[in-house]
2 protein chains.
Amino acid sequence: MNDTLHNDRLLRALLRQPVDVTPVWLMRQAGRYLPEYRATRARAGSFMALCQTPDWACEVTLQPLARFPLDAAILFSDILTVPDAMGLGLTFSEGEGPQFACPVRSVADIHRLFVPDPETALRYVMDAVRLIRRELAGRVPLIGFAGSPWTLATYMVEGGSSKDYARIKGLLYDQPGLLHRMLEVTAQAVTLYLNAQIAAGAQAIMIFDTWGGILTPRAYQEFSLAYLARIVDGLTRVADNRRVPIILFTKGGGAWLEAIAATGCDAVGVDWTVDLSEARRRVGAQVALQGNLDPAVLYAAPERIRAQVAQVLADFGPGAGHVFNLGHGVQPGVEPERVGALVAAVHELSASRPTGDGV
Amino acid sequence: MNDTLHNDRLLRALLRQPVDVTPVWLMRQAGRYLPEYRATRARAGSFMALCQTPDWACEVTLQPLARFPLDAAILFSDILTVPDAMGLGLTFSEGEGPQFACPVRSVADIHRLFVPDPETALRYVMDAVRLIRRELAGRVPLIGFAGSPWTLATYMVEGGSSKDYARIKGLLYDQPGLLHRMLEVTAQAVTLYLNAQIAAGAQAIMIFDTWGGILTPRAYQEFSLAYLARIVDGLTRVADNRRVPIILFTKGGGAWLEAIAATGCDAVGVDWTVDLSEARRRVGAQVALQGNLDPAVLYAAPERIRAQVAQVLADFGPGAGHVFNLGHGVQPGVEPERVGALVAAVHELSASRPTGDGV
């Protein structure tokens, strides 16, 4: 895997090194807003078939790159493949979201959890990573990812999406020891899984803590951040003589940026509820920041998108260490042209700005 | 309305005056978790009939007080009665939540919005307030409430609950002037409505900004907080020779407590994602704080509930200015006995604490 990386803006920015223009990629850049994605999804028959067939996963991973000059590809997969490999039986029903056939509902269920071998139970992911790297041929780096143990646990216990998180929070407040047991196994599984992705060719890693923001500050520290920190400690940090940057993203975690930065990760994802200027002031030179345009800006006209992009760039200010992204995924109802306007605006508006080497 | 108020802990705490024990009430203390509520709701036939029939609204308002030694009653109603009175046609379908027959979808719809007269279009609310005050006979104070203009606008534009707020955010980013026009009319309507509640007998006022937390810091300031501040300015602050305290609550607004406190309100609601110790440090002596137990704690065993109550009380610390509450409403699946354990724990554990007169 010693192909030259032609565009290394993402990796440089994540390590707070100077870049010519601010790199940009978007969460869910491969997804339902793209007609070509919907066509592939229809051919695959199910969302799980898309994820589990390396050819299809590769095809949809590359689709947004064919349209827009994005600075990274992100593996097309789902955070719930890990609990699926732990035997929970994942399916996606139309309009209903993810469902586990065997959710974790008893002490016995928790004791039955095990760490799956990534190269067997999740081999389809590793094959997809290898294939995407080959097809990318060094154009841009490939980001691998996983869900945080806490976020995975919420789905594993609730059995799918939830409105009030009654089961997982009941477990947290009533039997915290059992929840810790579950999070420990899950953290080990995620660590092995991400290291396998790195071995297969992932050049940066992002961990999605989608539901950390529903916790109290104390519970976040104890049940989410502690396991994120353990994973960061356990990850391979150099591959092919390049540092593999790690991005941690807790949605709704704006109050805890300092603590997230202190885990030893390279970059922190920031949603749109915090100004990047304030975020940067708070984390200082410790980490890079990724974000943080409100995804709903993509419903506006191109010139308004451009103005909002300019605002985010101005909020971050001069100096290295910014990866432009949304504060959450591209929404399915967005017109692809709006995404094009966003990507163009980031590159154009950041080209004239000093990127120096830090503040 | 010159009846003596036998328990004025709530009003005193909201004004940062010393109290014997920390007052406690719970958002949605009258609601689906109570079998007697479900029985009344079944007799009423629909949620709207419950709200619109003063006898029933009074009955369910008083139900939790018959079970638990709560320190306040809160008017049983819904924040969406105001847009309903503006002609949007509110219904609640089982399991689907609120629906507007005529959501705001065009420039003409926005120009058609008007400020309803509270004593005609919302007379049923004022009648309920008067009846509840009579039935309470000064046992505890009655809290009146309304939704924030931004929160009402989200429902008015989306037509009901929303997952991604595409329409209202599209409006915000694409046609901010139109949204401002809508928020202005709505803020006037809310001000009149709350002043009518105060005239009818509401002794404290809470404004629920349920969806302020989905905004960027700038958009929150411009589209939500600015209108909250205007309402605070326009409210009657003294009735029957007593100050009528105003509580502002932006769910997910933990980052903006200082700005909320600066509106001139008397108290700020805090959800569970911020420690009260930090919240208090940030707002200082400007306002009282209301909150902030995670509602999911009510799924735990009574001794665990007690420990979490102790934590919240310890977080606030000694001194006046704390009203105990959840960080959001009581969830429907909670056993009523757990609520009893919470209320008892607040009174017992705070009885021994110094309440002085401020920090």
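The rules behind the values
The residue count restarts for each chain, going from 1 along the sequence in the order it is written. Chain A is the first chain written and ligand 1 is the first ligand written, with later ones labelled in order. Whole-chain, interface and lining totals are the exception, using all residues; otherwise, since this is a predicted model, local features are given only for residues with pLDDT of at least 70 and side-chain atom pairs are given and counted only at 80 or more. The basis for every side-chain value is the complete set of non-hydrogen atoms in the structure, without hydrogens or water. Numbered from the N terminus, helices here are DSSP runs of H or I no shorter than four residues, and strands are runs of E no shorter than two. Two things to know: the radius of gyration comes from C-alpha atoms, and the globule rule equals 2.2 Å times the number of residues to the power 0.38. Each residue's exposure class comes from its accessible area (1.4 Å probe, protein chains only) as a fraction of the maximum for that residue type: buried when under 20%, exposed when over 50%, partly exposed otherwise. Any two residues whose heavy atoms approach within 4.5 Å at even a single point are treated as in contact. Residue-level accessible areas treat just the shown protein chains as cover; the underlying method is Shrake-Rupley with a 1.4 Å probe. Positive residues here are Lys and Arg, negative ones are Asp and Glu, while His and the chain termini are left out of the count. A charged residue contributes its charge at one atom only: NZ of Lys, CZ of Arg, CG of Asp or CD of Glu. Paired strands, in this sense, are two strands between which DSSP finds at least two bridges. Only residues with pLDDT of at least 70 in both copies count here: their C-alpha atoms drive the least-squares fit that superposes the copies. Summed over both partners, the accessible surface that disappears when two parts come together, traced with a 1.4 Å probe, is what is meant by buried area. For salt bridges, the criterion is a side-chain nitrogen of Lys or Arg within 4 Å of an Asp or Glu carboxyl oxygen. We define a polar contact as two N or O atoms separated by no more than 3.5 Å, with the added condition that, inside protein, one atom must be a possible hydrogen donor and the other a possible acceptor, whereas residues neighbouring each other in sequence contribute only through side-chain atom pairs. Basically, the charged four are Asp, Glu, Lys and Arg, the nonpolar ten are Ala, Val, Leu, Ile, Met, Phe, Trp, Tyr, Cys and Pro, and anything else, Gly included, counts as polar. Only buried residues count toward a nonpolar core. Its members are Ala, Val, Leu, Ile, Met, Phe, Trp, Tyr and Cys residues joined through side-chain atoms within 4.5 Å. The angle between two axes is taken between their N-to-C directions and runs from 0 to 180 degrees, where each axis is a line fitted to C-alpha atoms and a helix contributes only its stretch in contact. Each Phe, Tyr or Trp ring (for Trp, its six-membered ring) is paired with any other whose centre lies within 6.5 Å, and the angle between the two planes then decides the class: stacked below 30 degrees, edge-to-face above 60, tilted in between. Two thresholds decide whether a charge sits over a ring: the Lys NZ or Arg CZ must be within 6 Å of the ring centre and within 35 degrees of the ring normal. The disulfide definition used here is simple: a pair of cysteine sulfur atoms within 2.5 Å.

K.L.:
Residue-level account of the overall build of chain A, with values.
P.N.:
When helices and strands are tallied, chain A shows 15 helices and eleven strands. At 19 Å, chain A has a C-alpha radius of gyration in line with the 21 Å of a compact globule built from 359 residues. Referenced to the eigenvectors of the C-alpha coordinate spread, the extents of chain A come out at roughly 60 × 45 × 40 Å. Taken across its 359 residues, chain A has 63% of its residues classed as buried. Looking at chain A alone, contacts between residues at least 24 apart form 73% of all its contacts between residues at least 6 apart. Accessible area of chain A: about 12800 Å², with a carbon and sulfur share of 51%. Averaging the positions of the 33 positive and the 36 negative side-chain charges in chain A gives two centres separated by 1 Å.

K.L.:
Any chance you could break down the sheet that holds strand β8 (residues 246–250) of chain B for me, citing the residues and the numbers?
P.N.:
Read from one edge to the other, the open sheet built from seven strands follows the order β1-β4-β5-β8-β9-β10-β11 (chain B), with strand pairing classed as parallel. Since the sheet does not close on itself, it has two edges, and those belong to β1 (73–74) and β11 (322–326) of chain B, each with one partner.

K.L.:
Give me the relation of the copies chain A and chain B: which residues, what numbers.
P.N.:
Structural alignment of chain A on chain B gives an RMSD of 0.0 Å, achieved by rotating through 180° and translating 0.0 Å along the axis. Taken together, the rotation and translation describe the operation of a two-fold axis. Taking C-alpha positions as reference, the residue of chain A nearest the rotation axis is Ala255 of chain A, located at 3.5 Å. The fraction of interface residues of chain A whose copies in chain B are also interface residues reaches 100%, indicating that both copies meet through the same surface.

K.L.:
Outline helix α5 (residues 81–88) of chain A, listing residues and values.
P.N.:
All names here are of chain A. Burial analysis of α5 places seven of its eight residues in the buried class, the great majority of the element. Here α5 has its buried residues at Thr81, Val82, Pro83, Asp84, Ala85, Met86 and Leu88. Packed against the buried residues of α5 are α3 (47–52), β2 (90–93), β3 (97–100), α7 (123–136), α8 (149–158) and α10 (176–200). Positive backbone phi, at 70°, marks Gly89, one or two positions downstream of α5.

K.L.:
Summarise the interface of chain A and chain B; cite the residues concerned and give the values.
P.N.:
How large an interface is tends to be reported as the accessible area lost when its parts come together. Contact residues are listed per partner, giving 29 residues for chain A and 29 residues for chain B. With both chains or domains summed, chain A and chain B bury close to 2500 Å², and 50% of this area falls on carbon and sulfur atoms. Summed over the shared surface of chain A and chain B, the number is six salt bridges. Ionic pairing is found between Asp315 of chain B and Arg218 of chain A, a salt bridge with its closest N-O pair at 2.8 Å. Taken together, chain A and chain B are joined by 14 residue pairs in polar contact (both at pLDDT 80 or more). Among the elements of the structure, α9 (166–174), α11 (217–234) and α14 (302–316) of chain A are those that each provide at least two residues to the side of chain A that touches chain B. Among the elements that take part in the side of chain A that touches chain B, α9 of chain A stands out by supplying five residues, more than any other. In terms of residue class, the side of chain A that touches chain B is made up of 14 nonpolar, seven polar and eight charged.

K.L.:
I'd like to hear about the nonpolar core, residue by residue, with values.
P.N.:
Among the nonpolar cores identified, the biggest contains 279 residues, and Leu342 of chain A together with Leu342 of chain B are the most heavily contacted of them. Residues in contact with Leu342 of chain A, not counting those within four places in the same chain, are Val24, Leu26, Leu293, Leu298, Ile305, Val309, Phe324 and Leu326 of chain A.

K.L.:
Can you tell me about the sheet that holds strand β9 (residues 267–269) of chain A, naming the residues and giving the values?
P.N.:
Residue and element names in this part refer to chain A. With respect to topology, seven strands assemble into an open sheet ordered β1-β4-β5-β8-β9-β10-β11, the strand pairing being parallel. Edge positions in the open sheet fall to β1 (73–74) and β11 (322–326), since each of these has one partner strand only. Relative to strand β5 (residues 204–209), strand β4 (residues 142–147) runs parallel, the two being bridged by five bridges. Bridging from a neighbouring strand, Gly147 pairs with Phe208 of β5. Packing against the sheet, α10 makes contact with β4 and β5, and its axis sits at approximately 170° to β4.

K.L.:
Any chance you could break down the pairing of strand β4 (residues 142–147) of chain B for me, citing the residues and the numbers?
P.N.:
Residues and elements named next belong to chain B. With six of its six residues buried, β4 lies for the most part within the structure. Neither face of β4 is exposed, since Leu142, Gly144 and Ala146 on one face and Ile143, Phe145 and Gly147 on the opposite face are all buried. Taken together, the two bridges between β1 and β4 define a ladder with parallel strand orientation. Across the sheet, Ile74 pairs through a bridge with Ile143, a residue of β4.

K.L.:
Give a detailed account of the side chain of His322 of chain B, specifying residues and quantitative values.
P.N.:
Residue and element names in this part refer to chain B. By the secondary structure assignment, His322 is in strand β11. For His322, a relative accessible area of 5% puts it in the buried group. A distance of 3.0 Å separates a polar atom in the side chain of His322 from the backbone oxygen of Gly291. If near-sequence neighbours (up to four positions away) are discounted, His322 is found in contact with Ala13, Thr22, Pro23, Leu276, Leu289, Gly291, Val312, Leu313 and Phe316.

K.L.:
Could you give me a rundown of the packing of aromatic side chains, with the residues and numbers involved?
P.N.:
Taken as a whole and judged by the stated rule, the model has twelve aromatic pairs over all chains. Centre to centre, the rings of Tyr220 of chain B and Trp256 of chain B are 4.2 Å apart; their planes meet at 15°, and the pair counts as stacked. Of this pair, Tyr220 of chain B sits in helix α11 (residues 217–234) while Trp256 of chain B sits in the loop between β8 and α12 (257–261), and the two are 36 residues apart along the sequence. Each member of the pair, Tyr220 of chain B together with Trp256 of chain B, is buried. Taken together, the ring pairs in this structure connect Tyr37, Phe47, Phe76 and Phe92 of chain A into an aromatic cluster. Cation over ring: Arg280 of chain A sits above Phe316 of chain A, and NZ or CZ is 3.9 Å from the ring centre.

K.L.:
Can you explain the pattern of salt bridges? Please cite residues and give values.
P.N.:
The full count for this structure, using the stated rule, is 36 salt bridges over all chains. Of the charged contacts, one joins Arg218 of chain A and Asp275 of chain B as a salt bridge, the two residues approaching to 3.3 Å between their closest N and O atoms. Of this pair, Arg218 of chain A sits in helix α11 while Asp275 of chain B sits in the loop between β9 (267–270) and α13 (276–283), which puts the two residues in different chains. Classification of Arg218 of chain A by relative accessible area gives partly exposed; the value is 39%. Assessed through its relative accessible area of 18%, Asp275 of chain B is described here as buried. Sharing partners across several salt bridges, the network here consists of Glu119, Arg123, Asp127 and Arg130 of chain A.

K.L.:
Run through the state of the cysteines, naming residues and quoting values.
P.N.:
For the structure shown, the criterion picks out zero disulfides over all chains. Free of any disulfide, Cys51 of chain A has its nearest neighbouring cysteine sulfur in Cys58 of chain A, separated by 14 Å.

Interpretation in functional terms is not warranted from these geometric data alone.
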